[in-house]
There are 2 protein chains.
Amino acid sequence: MKLTSKGRYAVMALVDLAKFNDINPVSLRDISLRQGISLDYLEQIFSKLRKKEIVQSVRGTQGGYVLNKKAKEIKLTNILDAVDEKVKTVQCKKELKKGCNGKATKCLTHNLWDELETHINNFFDKKSLEDLVQDNIERRV
Amino acid sequence: MKLTSKGRYAVMALVDLAKFNDINPVSLRDISLRQGISLDYLEQIFSKLRKKEIVQSVRGTQGGYVLNKKAKEIKLTNILDAVDEKVKTVQCKKELKKGCNGKATKCLTHNLWDELETHINNFFDKKSLEDLVQDNIERRV
DNA sequence: ATAAACCCGACTAAAATAGTCAAGTATCAT
DNA sequence: ATGATACTTGACTATTTTAGTCGGGTTTAT
Ligand code: FES
Ligand code: FES
């Protein structure tokens with residue numbers, strides 16, 4: 001079970017963005033330099049974040065990205081969903097009655113993975129971008 | 001974030017095994033048939049489980065595998081560790097002071113992923129094989 | 001003896017990941 | 001106006017991981 005860089009970068013970049021958000025649009029170039037993430041990769045990531053209305057873009061010189069909602073309203077869930085990093089513990093289609101390997105019934109452990117998924121999503125639903133920025137400021141002091 | 005089939009299979013197979021454990025050694029062929037998992041793949045998985053002393057093997061005809069500890073004492077953590085499915089939320093070396101991308105300091109989100117890892121491991125530490133077998137019997141009734 | 005089972009290592013196809021690259025378009029500062 | 005800055009889009013690619021397969025063993029009950 002691992003978290004991919006795409007998801008980690010998305011959150012990292014948004015925390016960075018959120019810190020400067022009130023002043024000016026933040027360019028990906030700046031985030032790239034500060035966080036050490038490839039600019040081209042960041043562009044892919046922000047394209048997804050924009051489509052899911054988590055950020056807004058400002059084109060042209062002095063442009064960049066700004067948050068599209070209040071940091072408090074952006075949950076980890078929203079960010080990870082946007083970049084296709086949803087938690088996935090089973091491979092069977094949930095809505096279908098079929099099991100893992102095309103069997104007629106759900107397998108012995110289906111229920112367990114469902115519980116796990118809920119457990120992890122609870123964590124993601126609770127944490128907002130605001131929390132993360134806050135944590136960060138506190139730690140610095 | 002996803003769980004791989006290897007991890008899912010390992011747990012599935014052990015739940016199956018645990019149900020028959022008291023009577024006779026259970027052959028992988030049987031597990032393979034009942035659970036619809038490739039026999040060759042199961043062999044790889046059980047080789048790891050044996051090395052981590054979660055199961056014991058009985059060779060020869062009528063052989064198979066038996067649990068090496070009580071079902072109550074085998075936690076999900078132990079199973080997933082054995083098959084190299086540990087939770088991994090960061091890519092930076094934890095013990096080192098260095099950050100994600102070789103930076104001198106830990107990144108903005110390091111602490112968050114640490115929390116997440118703990119959160120998930122709590123779940124894995126709590127659930128024992130016995131719990132899973134029990135859940136299963138209850139559901140059948 | 002022979003068949004059932006475990007044991008071991010090497011191999012591989014397919015998918016996912018973590019990017020790179022090229023060619024745009026919009027907008028601001030001067 | 002014109003350049004520079006920055007977003008936009010889509011295609012491409014190397015590497016790694018996953019989910020197996022395959023071929024040959026060795027052990028042991030019957
Ligand atoms: S995990 Fe859903 S049927 Fe196995
Ligand atoms: S996750 Fe550890 S430094 Fe980024």
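Coordinates for the structure precede this section.
Residues numbered from 1 in each chain as written. Chains lettered and ligands numbered in written order. Predicted model: local features only at pLDDT ≥ 70, side-chain atom pairs only at ≥ 80, totals over all residues. Heavy atoms only, no water.

> Would you explain the overall build of chain A in this entry?
A tally of helices and strands in chain A yields six helices and two strands. Counting helices and strands in the order they occur from the N terminus, chain A gives α-α-α-β-β-α-α-α. Taking the principal axes of the C-alpha coordinates as reference, chain A spans close to 60 × 35 × 25 Å. Every one of the 141 residues in chain A was classed for burial, and the buried ones make up 45%. By sequence separation, contacts in chain A at least 24 residues apart represent 61% of the contacts at least 6 residues apart. Working note: accessible area of chain A is about 7,700 Å², and carbon and sulfur atoms make up 47% of it. Charge separation in chain A, taken as the distance between the mean sites of 27 positive and 19 negative side-chain charges, equals 5 Å. (Helix = DSSP H or I, 4+ residues; strand = E, 2+ residues; numbered from the N terminus. Buried < 20%, exposed > 50% of the residue type's maximum accessible area, 1.4 Å probe, protein only. Contact = heavy atoms within 4.5 Å. Areas by Shrake-Rupley, 256 points an atom, 1.4 Å probe, with all protein chains shown as cover. Lys, Arg positive; Asp, Glu negative; His and termini not counted. Charge placed at Lys NZ, Arg CZ, Asp CG, Glu CD.)

> For this particular structure, what's the right way to read the interface of chain B and chain A?
Accessible area lost when the parts come together is the quantity often used to give the size of an interface. Of the residues lining the interface, 42 residues belong to chain B; the matching set on chain A comes to 42 residues. Here chain B meets chain A over a buried area of about 3,900 Å², counting both sides, of which 61% is carbon and sulfur. Area buried by chain B at its contact with chain A is led by Met-1, Arg-8 and Leu-108 of chain B, which between them contribute 21% of it. Linking chain B with chain A are two salt bridges, by the criterion used here. (Buried area = accessible area lost by both parts, 1.4 Å probe. Salt bridge = Lys/Arg side-chain N within 4 Å of Asp/Glu carboxyl O.)

> Is there a simple way to explain the packing of aromatic side chains in this structure?
Describing an aromatic ring pair means giving the distance of the ring centres and the angle of the ring planes. Scanning all chains against the criterion turns up six aromatic pairs over all chains. Ring geometry for Tyr-9 of chain B and Tyr-41 of chain B: centres 6.0 Å apart, planes at 85°, overall edge-to-face. In this pair, Tyr-9 of chain B is assigned in helix α1 (residues 5–20) and Tyr-41 of chain B in helix α3 (residues 39–51), connecting sequence segments 32 residues apart. Of the residues examined, Tyr-41 of chain B reaches a relative accessible area of 29% and is grouped as partly exposed. Its guanidinium or amino end placed over the ring of Phe-20 of chain A, Arg-34 of chain A lies 4.2 Å from that ring's centre, counting from NZ or CZ. (Phe/Tyr/Trp six-rings, centres within 6.5 Å; stacked < 30°, edge-to-face > 60°. Lys NZ or Arg CZ within 6 Å of the ring centre and 35° of its normal.)

> Can you walk me through the protein's contact with DNA strand C in this structure?
Around DNA strand C, the structure places 27 residues, and the nearest of them are Ser-38, Gln-44 and Arg-59 of chain A together with Ser-57 and Tyr-65 of chain B. Looking at DNA strand C alone, sugar and phosphate atoms form 61% of those within 4 Å of the protein. Here a phosphate oxygen of DNA strand C sits 2.5 Å away from a polar atom, N or O, in the side chain of Ser-57 of chain B. Mapped onto the surface near DNA strand C, the elements with two or more residues apiece are α1 (5–20) and α3 (39–51) of chain A together with α2 (28–35), α3, β1 (55–58) and β2 (64–67) of chain B. Residues belonging to the surface near DNA strand C are distributed by class as follows: six nonpolar, 13 polar and eight charged. (Near = heavy atom within 4 Å. Polar contact = N/O pair within 3.5 Å; in protein donor to acceptor, adjacent residues only side chain to side chain. Nonpolar A, V, L, I, M, F, W, Y, C, P; charged D, E, K, R; others polar.)

> How should helix α2 (residues 28–35) of chain A be read in this particular structure?
Because each turn of an α-helix spans 3.6 residues, side chains separated by three or four positions in sequence point in the same direction. Residue and element names in this part refer to chain A. When α2 is considered as a whole, its buried residues turn out to be Leu-28, Ile-31, Ser-32 and Gln-35. In an axial view of α2, the angular spread of the buried residues amounts to 100°, which keeps them on one side of the axis. Structural note: α2 exposes Arg-29 and Leu-33 on the side pointing more than 90 degrees away from its buried face. Lining the buried residues of α2 we find α1, α3 and β2 (64–67). Phi turns positive, to about 65°, at Gly-36, one or two residues after α2. (Arc of directions from axis to C-beta.)

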